[in-house]
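Chain by chain, the residues:
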Amino acid sequence: MSVMETLIRACLNGVPSEVEEAAKGEGLKPRVAARLVARGRIVLPSNPVRHHRTCAIGEGCRVKVNVNIGTSGERCDEALEVRKAHAALDNGADTLMDLSTGGDLPAIRKQILALDAPVGTVPVYEAVRRAGNAADVDGDLLFRVIREHCREGVDFLTLHCGVNHQALESLRSDPRIMSVVSRGGAFHVAMMVERGEENPLYAEYDYLLEILAETGVVISLGDGMRPGCLQDAARHAKTVEYLTLGALARRALSTGVQRMIEGPGHIPINQIGYNVRTIKELTDHAPLYLLGPIVTDIAPGYDHVVSAIGSAVACMHGADFLCMVSPSEHLALPLEHDIVEGTRVCCIAAHIGDLVREKEGYLAPREAQMAEARRRLDWEEQFRIALYGDVARSVHARDGTLETCSMCGDLCAMKLVKEIFNHEKVRSGKKRENGNGDPLYPGHENPRG
Ligand code: SF4
């Protein structure tokens, strides 16, 4: 595939090799996968200048997990960020975003781009660093940074094109407690207010699409107006932005640019279904990249759990791509162990989502395997099947080697019932189907598959 021929256009005429490979990994028919890419329901972040593992995001695909890493002005340890990136991939992340804002940004990005995973960035961060402050960023600088990221091999870019004057007006007419909590969103608000100009990404969206079409980079339409607390979830700004993103998503697809949509921030759990379905409907079912949903604001230190609860519910309603939230969220830049814990919890949410997505049941055998191993009190098999068997093993080992676990000990319900049924079986002389101790299901191959 040539660079100018976008993946979407190639999928209208056949099945490009990268789509065929992705389809194989997702258990989709290649032709079906190509059709879904052409309709914009699946994206494959894969900049032609880099080679890395394929990652299909969207309808019919396994829920994917992104992990953000990156320096800040307050803590800038490049080696730590690279270790965090490795830790994320080792623990199940499918993609990485480099959100660095401190130190030598191109040098850090180069190290992250050397890893075997799709990589995303938010170019406005670097534009602000170069200009010194958001108000001094103009369209020329922002587009220059975007072109550089595309040329270097970044696979997807978060661009806050929906933060326009209309969204700004809705913030003023229907104010929110937290106003704007998206960093990129806040930069654009500052640029627009200070300069008295429209957001260049919105005003010159056609030019932006030309750059992305030429370089084969995916646009992730940022949710700069996402609510930052539960009380703000019902205010107008996010809905105004949804409508804009819907129109922009359609324009991207019509020019052959792959796009996904970000949302929905902090919202109560009972509003998740409605928000996911609304975004999907307004954007012609573009893949939805979740930021949050944060479903309570009063559990700092446990926001990875809060986000996983919201993410699992969102996946049930059609969300496709989770952004890991670490235990440090809202508190500090995460350390390596925060990344490990956050990634693991996020992958659990993704797995829970996978269990009820359209290809319902394709992961269910592993769940059934675990039930069977638990019934048999087969600990080794349980550790093998578990998503994170190392953790399960260490917890079980705390009280030594027991046939049961130490929770109920000699009063273990499963042991008791197993003995009763074994006794009955001997008395009746009947052999229960699959009662020979063999697993009911064949072994699984990959950590989350
Ligand atoms: S001891 Fe209790 S918790 Fe442990 S395996 Fe038996 S029934 Fe389950």
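These notes cover the structure that comes with them.

About the criteria used
- Residues numbered from 1 in each chain as written.
- Predicted model: local features only at pLDDT ≥ 70, side-chain atom pairs only at ≥ 80, totals over all residues.
- Heavy atoms only, no water.
- Near = heavy atom within 4 Å.
- Nonpolar A, V, L, I, M, F, W, Y, C, P; charged D, E, K, R; others polar.
- Pairing = 2+ DSSP bridges.
- Helix = DSSP H or I, 4+ residues; strand = E, 2+ residues; numbered from the N terminus.
- Axes fitted to C-alpha atoms, helices over the stretch in contact; angles between N-to-C directions.
- Contact = heavy atoms within 4.5 Å.
- Salt bridge = Lys/Arg side-chain N within 4 Å of Asp/Glu carboxyl O.
- Buried < 20%, exposed > 50% of the residue type's maximum accessible area, 1.4 Å probe, protein only.
- Right-handed = clockwise from strand over helix to strand, strands pointing away.
- Parallel < 35°, antiparallel > 145°, perpendicular 65-115°, else oblique.
- Left-handed = near helix turned anticlockwise from the far one by under 90°.
- Patch = residues over 30% accessible without salt bridge, like charges linked within 9 Å, V, L, I, M, F, W, Y side chains within 5 Å.
- Areas by Shrake-Rupley, 256 points an atom, 1.4 Å probe, with all protein chains shown as cover.

Looking at the ligand, the residues that line it are Leu377, Cys405, Met407, Cys408, Gly409, Cys412, Ala413 and Met414. For the shell around the ligand, the class distribution of residues is seven nonpolar, one polar and no charged.

Taking strand neighbours around the barrel as the criterion, the eight strands line up as β3-β4-β5-β6-β7-β8-β9-β10 in a closed arrangement whose pairing is parallel. The mean angle between the axes of side-by-side strands here comes to 25°, regardless of whether they run parallel or antiparallel. Bridging between strand β6 (residues 156-159) and strand β7 (residues 218-221) involves four bridges; their strand directions are parallel. Across the sheet, the residue bridging to Thr158 is Ser220, located in β7. Sheet contacts for helix α11 (residues 205-215): β6 and β7; angle to β7, the most-contacted strand, approximately 140°.

Opposite charge on two side chains permits pairing when their charged atoms draw close. All chains considered together, the criterion is met by 27 salt bridges. Two residues, Glu336 and Arg83, come together in a salt bridge whose shortest N-O distance is 3.2 Å. Linking Glu336 in helix α15 (residues 336-355) with Arg83 in helix α4 (residues 78-90), this pair joins segments that are 253 residues apart in sequence. Looking at Glu336, the relative accessible area reads 29%, which means it is partly exposed. The partly exposed category is assigned to Arg83, whose relative accessible area is 41%. A salt bridge links Asp320 to Lys280, with the nearest nitrogen and oxygen atoms 2.6 Å apart.

Within strand β9 (residues 288-294), seven of the seven residues are buried, leaving the element largely enclosed by the surrounding structure. Pairing of strand β8 (residues 259-266) with β9 involves five bridges; the strand directions are parallel. The residue bridging Pro264 from the neighbouring strand is Leu291, located in β9. In terms of handedness, the path from β8 via helix α13 (residues 272-282) over to β9 forms a crossover that is right-handed. Chirality of the crossover, the property in question, places the unit of β9, helix α14 (residues 303-316) and strand β10 (residues 321-323) among those that are right-handed.

The next thing to look at is the packing of helix α6 (residues 123-131) against helix α7 (residues 139-152). In the contact formed by α6 and α7, the axes pass within 9 Å of each other and the chain directions differ by 125°. Judged by the angle between their axes, α6 and α7 are oblique. Like other packed secondary-structure pairs, α6 and α7 cross with a definite hand, here right-handed. Between α6 and α7, the contacting residues are Pro123, Val124, Glu126, Ala127, Arg130 and Ala131 on the first element and Leu141, Leu142, Val145, Ile146, Glu148 and His149 on the second. For the contact of α6 with α7, the class distribution of residues is eight nonpolar, one polar and three charged.

Attention shifts here to a nonpolar patch on the surface. Side chains of Ile269, Tyr302, Val305 and Ile309 sit close together on the surface and give an oily, nonpolar patch of about 370 Å² of accessible area. Among the secondary structure elements, Ile309 is positioned in helix α14. Overall, the relative accessible area of 43% leaves Ile309 in the partly exposed class.

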